[in-house]
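Next come the chains, spelled out residue by residue.
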Amino acid sequence: MQVFHCPECNAQVWFDNLACPNGHPLHFDPDTQAMVPATDCNWRAQIGCNWAADPAGDGYCRSCSMTRTVPDLGLDDNIRDLAATEAAKRWVLAGLHRWGWFGFADTGARPVFDLVAEKTSDGPAQITMGHADGVVTINVAEASRAVREARREDLAEPYRTMIGHMRHELAHFLFVRLAEDPQFLQDFRALFGDETQDYGAALQAHYENPGQAGPDFITSYATAHPHEDWAETVAHLLHLTDLADSGCAVGLLDGQDPYAEPSTKELIHRAADFAMRVNHVNRALDLPDLYPFVLGEGVREKLTLAHKSLRRVGPV
């Protein structure tokens with residue numbers, strides 16, 4: 001993520017700031033990727049959304065207007081968890097805008113979000129996060145670090161975040177957009193396999209006997225089905241790109257804008273090398289590794305296809 005400046009006084013500000021140090025209100029415009037003078041989004045007061053209201057969004061910003069369902073905000077913790085979930089969504093969408101997705105010039109379909117909670121007025125609800133027919137369902141309960149960490153331990157996952165959930169589920173939606181191109185499907189199947197195989201049966205087999213991440217898969221879950229391999233691969237491409245971009249923004253990395261980098265090999269090298277160095281620093285403080293993954297040759301080939309396919313401007 002970039003570092004921004006107040007349009008009124010040029011003070012340095014961060015992506016999620018509502019006001020600059022001098023008190024000027026801030027509004028993020030995803031098309032210009034800058035803080036601009038603008039009208040408040042309708043959700044600004046309730047969930048701290050600092051995006052500019054979209055002229056086509058009936059008073060909502062481009063991110064909030066994608067949300068179809070929110071949890072019962074009269075119940076404890078739901079408003080807090082919704083705010084954190086929407087913040088993660090804005091972060092991910094801002095990055096995708098830099099590759100031309102969901103911006104003003106993109107006339108293709110956009111995702112719809114159902115942001116739902118386990119805590120309801122009728123008692124606990126069972127929620128399955130996922131994507132289906134253009135709708136992304138996210139369990140806002142995982143915005144709680146305690147909840148998320150407990151599930152990470154239960155599932156033996158090295159990494160579990162709300163931004164990660166958003167990137168993974170949006171990757172499923174992006175596949176649908178990209179699959180309109182027969183050449184993409186041909187290239188995809190050559191690397192990831194046949195995505196038409198029975199999804200439910202594949203997941204059941206995975207949960208009964210989980211596969212191992214290795215040189216061809218970024219995570220164990222990626223071995224379950226080509227759709228999940230794609231979603232995990234794209235999520236990690238976005239992780240790596242944003243990691244390098246954030247490093248550049250604060251002067252810890254040199255070189256061209258990672259979102260403008262045409263070479264996947266160079267992008268991966270810069271991001272992975274940076275992550276390794278930060279991992280070393282974290283270990284001095286007994287903190288978890290920043291990026292605890294190994295990128296095998298097969299994974300790098302898949303990252304290259306994802307990078308080539310997602311780095312675009314305008315509609316597919």
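Structure's up top.
Residues numbered from 1 in each chain as written. Predicted model: local features only at pLDDT ≥ 70, side-chain atom pairs only at ≥ 80, totals over all residues. Heavy atoms only, no water.

Peer 1: Even after reading the chapter, I still don't get the overall build of the chain, so can you show me in this structure?
Peer 2: Looking only at helices and strands, one finds nine helices and 10 strands in the chain. Expected size for 316 residues packed as a compact globule is a radius of gyration near 20 Å; at 20 Å, the chain falls within 12% of this value. Here the C-alpha coordinates of the chain stretch approximately 55 × 55 × 45 Å along the principal axes. Taken across its 316 residues, the chain has 48% of its residues classed as buried. Nonlocal contacts in the chain, meaning residues at least 24 apart in sequence, comprise 57% of its contacts between residues at least 6 apart. In the chain, the 26 positive side-chain charges and the 45 negative ones have mean positions that sit 4 Å from each other. (Helix = DSSP H or I, 4+ residues; strand = E, 2+ residues; numbered from the N terminus. Rg over C-alpha atoms; globule rule 2.2 N^0.38 Å. Buried < 20%, exposed > 50% of the residue type's maximum accessible area, 1.4 Å probe, protein only. Contact = heavy atoms within 4.5 Å. Lys, Arg positive; Asp, Glu negative; His and termini not counted. Charge placed at Lys NZ, Arg CZ, Asp CG, Glu CD.)

Peer 1: Can you help me understand the sheet that holds strand β10 (residues 135–139) in this one?
Peer 2: Strand-to-strand pairing in sheets goes through backbone hydrogen bonds, with the strands running parallel or antiparallel. A sheet is described by the order of its strands in space; here four strands give the open sequence β5-β6-β10-β9, paired in mixed fashion. Both outer strands of the open sheet, β5 (67–69) and β9 (130–132), are each paired with one neighbouring strand and no more. Between one strand and the next, the sheet's axes are offset by a mean angle of 30°, whatever the strand orientation. The sheet contacts of helix α2 (residues 78–97) involve β5, β6 (112–116) and β10, and relative to β6 the element is tilted by about 150°. Here helix α4 (residues 162–178) sits on the sheet in contact with β6, β9 and β10, set at roughly 165° to β10. (Pairing = 2+ DSSP bridges. Axes fitted to C-alpha atoms, helices over the stretch in contact; angles between N-to-C directions.)

Peer 1: When you look at the packing of aromatic side chains in this model, what are you seeing that I'm missing?
Peer 2: Summed over the entire model, instances satisfying the criterion amount to 17 aromatic pairs. Between Trp99 and Tyr259, the ring centres sit 5.4 Å apart and the planes meet at 65°, which makes this aromatic pair edge-to-face. Remark: Tyr259 occurs in the loop between α7 (226–249) and α8 (264–284) and Trp99 occurs in the loop between α2 and β6; sequence separation between them is 160 residues. Each member of the pair Trp99 and Tyr259 is classed as buried. Among the aromatic residues, those joined into a cluster by ring pairs are Phe4, Phe15, Phe28, Trp51 and Trp91. (Phe/Tyr/Trp six-rings, centres within 6.5 Å; stacked < 30°, edge-to-face > 60°.)

Peer 1: For this particular structure, what's the right way to read the packing of α4 against α7?
Peer 2: Geometrically, a packed helix pair is captured by the angle between its two axes and the distance between the axes. Direction vectors running N to C along α4 and α7 enclose 120°, while the axes themselves pass 8 Å from each other. Where α4 crosses over α7, the handedness of that crossing is right-handed. Within the contact between the two elements, α4 uses Gly164, Arg167, His168, Ala171, His172, Phe175 and Leu178 and α7 uses His227, Glu228, Trp230, Ala231, Glu232, Val234, Ala235, Leu238, His239 and Asp242. The class makeup of the residues in the contact of α4 with α7 is eight nonpolar, five polar and four charged. (Left-handed = near helix turned anticlockwise from the far one by under 90°. Nonpolar A, V, L, I, M, F, W, Y, C, P; charged D, E, K, R; others polar.)

Peer 1: Can you help me understand α4 in this one?
Peer 2: The end-to-end C-alpha distance of α4 is 24 Å, a good match for the 24 Å that 17 residues give at a rise of 1.5 Å each. Summarising burial for α4: 15 of the 17 residues are buried, a large majority. For α4, the N-terminal cap is Thr161; the gap from its side-chain oxygen to the backbone nitrogen of Gly164 is 2.8 Å. (Expected span 1.5 Å × (residues − 1). Polar contact = N/O pair within 3.5 Å; in protein donor to acceptor, adjacent residues only side chain to side chain.)

Peer 1: Just checking my understanding: could you explain unusual backbone geometry for this structure?
Peer 2: Here Asn10, not a glycine, exhibits a phi torsion of approximately 70°, which is positive. With respect to the element layout, Asn10 can be found in the loop between β1 (4–5) and β2 (12–13). Exposure remark for Asn10: the relative accessible area of 54% places this residue in the exposed category.

Peer 1: What is the right way to read the pattern of salt bridges from this model?
Peer 2: If charged atoms from side chains of opposite charge come close, those side chains can pair. Applying the stated criterion to the full structure yields 19 salt bridges. Residue Lys89 pairs with Glu86 through a salt bridge whose shortest N-O separation is 2.9 Å. On the criterion of helical spacing, the pair formed by Lys89 and Glu86 is a turn pair, its members being three residues apart in helix α2. Overall, the relative accessible area of 0% leaves Lys89 in the buried class. Residue classification places Glu86 among the buried positions, given a relative accessible area of 2%. Linked by salt bridges that have partners in common, Glu118, Glu142, Arg151 and Arg160 make up one network. (Salt bridge = Lys/Arg side-chain N within 4 Å of Asp/Glu carboxyl O.)

Peer 1: Please explain a nonpolar patch on the surface as it appears in this structure.
Peer 2: Residues Trp14, Val250 and Leu252 make up a contiguous nonpolar surface patch of about 310 Å² in total accessible area. Assignment of secondary structure puts Val250 in the loop between α7 and α8. (Patch = residues over 30% accessible without salt bridge, like charges linked within 9 Å, V, L, I, M, F, W, Y side chains within 5 Å. Areas by Shrake-Rupley, 256 points an atom, 1.4 Å probe, with all protein chains shown as cover.)

Peer 1: How do you make sense of the pairing of β10 when you look at a structure like this?
Peer 2: Along any regular strand, the residues point their side chains to alternate faces of the sheet. Taken across its five residues, β10 has five buried, putting it largely inside the fold. One ladder, built from five bridges, connects β6 with β10; its direction is parallel. When the sheet's bridge partners are listed, Asp114 is paired in β10 with Thr137. Pairing analysis gives three bridges linking β9 to β10, with the strands arranged antiparallel. Bridging across to β10, Ala132 finds its partner in Val135. Joining the antiparallel neighbours β9 and β10 is a turn of two residues, in which Asp133 adopts a positive phi near 55°.

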